[in-house]
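Single-letter residue listing:
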Amino acid sequence: MGNKVTAIVNQKGGVGKTTTTLNLGYALAQMGSKVLLIDFDPQGSLTVSLGYKADNKPGIQTIMSDAIEEKEIEKDCIIQVNENLHLIPANLQLAGIEMTLVNVMCKEQILKSAIEFIKEDYDYILIDCSPSLGTLTINALAACDSIIIPVTPEFLSAKGLGDLTATIKKTKKRINPTIKIEGILMTMLNERTNLSKEMIKTVNESADYIKDKFNLDMKIFDSKIPVSVKAGEAILNRKSIIEYDPKNKVSEAYQRFAKELILND
Ligand SMILES: Nc1ncnc2c1ncn2[C@@H]1O[C@H](COP(=O)(O)OP(=O)(O)OP(=O)(O)O)[C@@H](O)[C@H]1O
Ligand SMILES: [Mg+2]
């Protein structure tokens, strides 16, 4: 346990990556861990959901461009959300950085080299990826020890998971041999409908398919995140749902998920 970097990845949009990063991070911090959240999406959704503006302040875009020039991280890029929970925000300039990476040597390893300097300060670093398999996401895969893949009932195709796994497999082979898929997190689940049962079956089948085809272990976490309108309300209030409505089933699910992860370490 400790000093673990985890990327929250899925190239499919709207599957709960940002919500998971925020609430898992909040739950881990509440349980006493030192947690750093990195907004690694030029849209800056994580930054905004915590009540900060994705404006011209220093953030991950600054850190990336400094790392390209081999400068150390400036600590003023880190926002202290509370004592245990810190955030590196993002803004649209991160999209520009992604384009300049094309001409940079070892362009996949820039984030990794940047966070090496601060890794020691945290028990957990969670990276909220953008919905793509572009250079930024590869940087996250290269920098992390483990991967969490949020999946909604609408996104269960073996093809989608297959594209993602192929990218992870390539990264593992060429850049980051110790990378591990921690698991698939089912989000926005409505457990009462038969449809969802059918979907859980499909995810299990996809996981089996991936194990066979890619020879990579991919488990489905026991904790599953239910759907609740409060999740959207919490975002509008710029808070973790755990802070906004602690007794909500989504809050409890993310707290259970945090415990499950700690037990896995
Ligand atoms: N458990 C939940 N119940 C209801 N709504 C949810 C839940 N989790 C997330 N949402 C909502 O679903 C939408 C997408 O979630 P989120 O932004 O976390 O996904 P994402 O994968 O980060 O999206 P993107 O790919 O655009 O970055 C948001 O409006 C969010 O408030
Ligand atoms: Mg997001």
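Residues numbered from 1 in each chain as written. Chains lettered and ligands numbered in written order. Predicted model: local features only at pLDDT ≥ 70, side-chain atom pairs only at ≥ 80, totals over all residues. Heavy atoms only, no water.

- Taking an unreviewed UniProt entry as the reference, the protein is identified by name as ParA family protein belonging to Alkaliphilus flagellatus.

Some words on the site of ligand 1
Inference 1: With respect to spatial proximity, 20 residues lie near ligand 1, and among them Gly-16, Lys-17, Thr-18, Thr-19 and Pro-226 are the closest.
Inference 2: One of the side-chain nitrogen or oxygen atoms of Thr-19 is found 2.5 Å away from an oxygen atom of ligand 1.
Inference 3: For the shell around ligand 1, the secondary structure elements donating two or more residues are helix H1 (17-30) and helix H9 (229-236).
Inference 4: Along the lines of polarity and charge, the residues of the shell around ligand 1 split into 9 nonpolar, 8 polar and 3 charged. (Near = heavy atom within 4 Å. Polar contact = N/O pair within 3.5 Å; in protein donor to acceptor, adjacent residues only side chain to side chain. Helix = DSSP H or I, 4+ residues; strand = E, 2+ residues; numbered from the N terminus. Nonpolar A, V, L, I, M, F, W, Y, C, P; charged D, E, K, R; others polar.)

A look at helix H3 (residues 60-68)
Three or four residues apart is the spacing at which side chains of an α-helix point the same way, because the helix has 3.6 residues per turn.
Inference 1: All buried positions along H3 are accounted for by Ile-60, Gln-61, Ile-63, Met-64, Asp-66 and Ala-67.
Inference 2: Looking at the buried residues of H3, the elements they touch are strand E2 (35-40), strand E4 (85-88), helix H4 (93-100), helix H5 (110-115) and helix H6 (135-143).
Inference 3: Trailing H3 by a residue or two, Glu-70 shows a phi angle of about 60 degrees, which is positive. (Buried < 20%, exposed > 50% of the residue type's maximum accessible area, 1.4 Å probe, protein only. Contact = heavy atoms within 4.5 Å.)

Some points on the pattern of salt bridges
When their charged atoms lie close together, side chains carrying opposite charge are able to pair.
Inference 1: For the structure shown, the criterion picks out 11 salt bridges.
Inference 2: One network of salt bridges, in which partners are shared, links Lys-4, Glu-182 and Asp-265. (Salt bridge = Lys/Arg side-chain N within 4 Å of Asp/Glu carboxyl O.)

Details of the packing of H1 against helix H11 (residues 249-264)
Inference 1: Contact pair H1 / H11: the axes reach a minimum separation of 9 Å and the direction vectors enclose 70 degrees. Relative to H11, H1 is oriented roughly perpendicular. Crossing angle aside, the handedness with which H1 passes H11 is right-handed. Here Thr-19, Thr-20, Asn-23, Leu-24, Ala-27, Leu-28 and Gln-30 of H1 lie close against H11, whose contacting residues are Tyr-254, Gln-255, Phe-257, Ala-258, Leu-261 and Ile-262.
Inference 2: Its residues assigned to classes, the contact of H1 with H11 shows 8 nonpolar, 5 polar and no charged. (Axes fitted to C-alpha atoms, helices over the stretch in contact; angles between N-to-C directions. Parallel < 35°, antiparallel > 145°, perpendicular 65-115°, else oblique. Left-handed = near helix turned anticlockwise from the far one by under 90°.)

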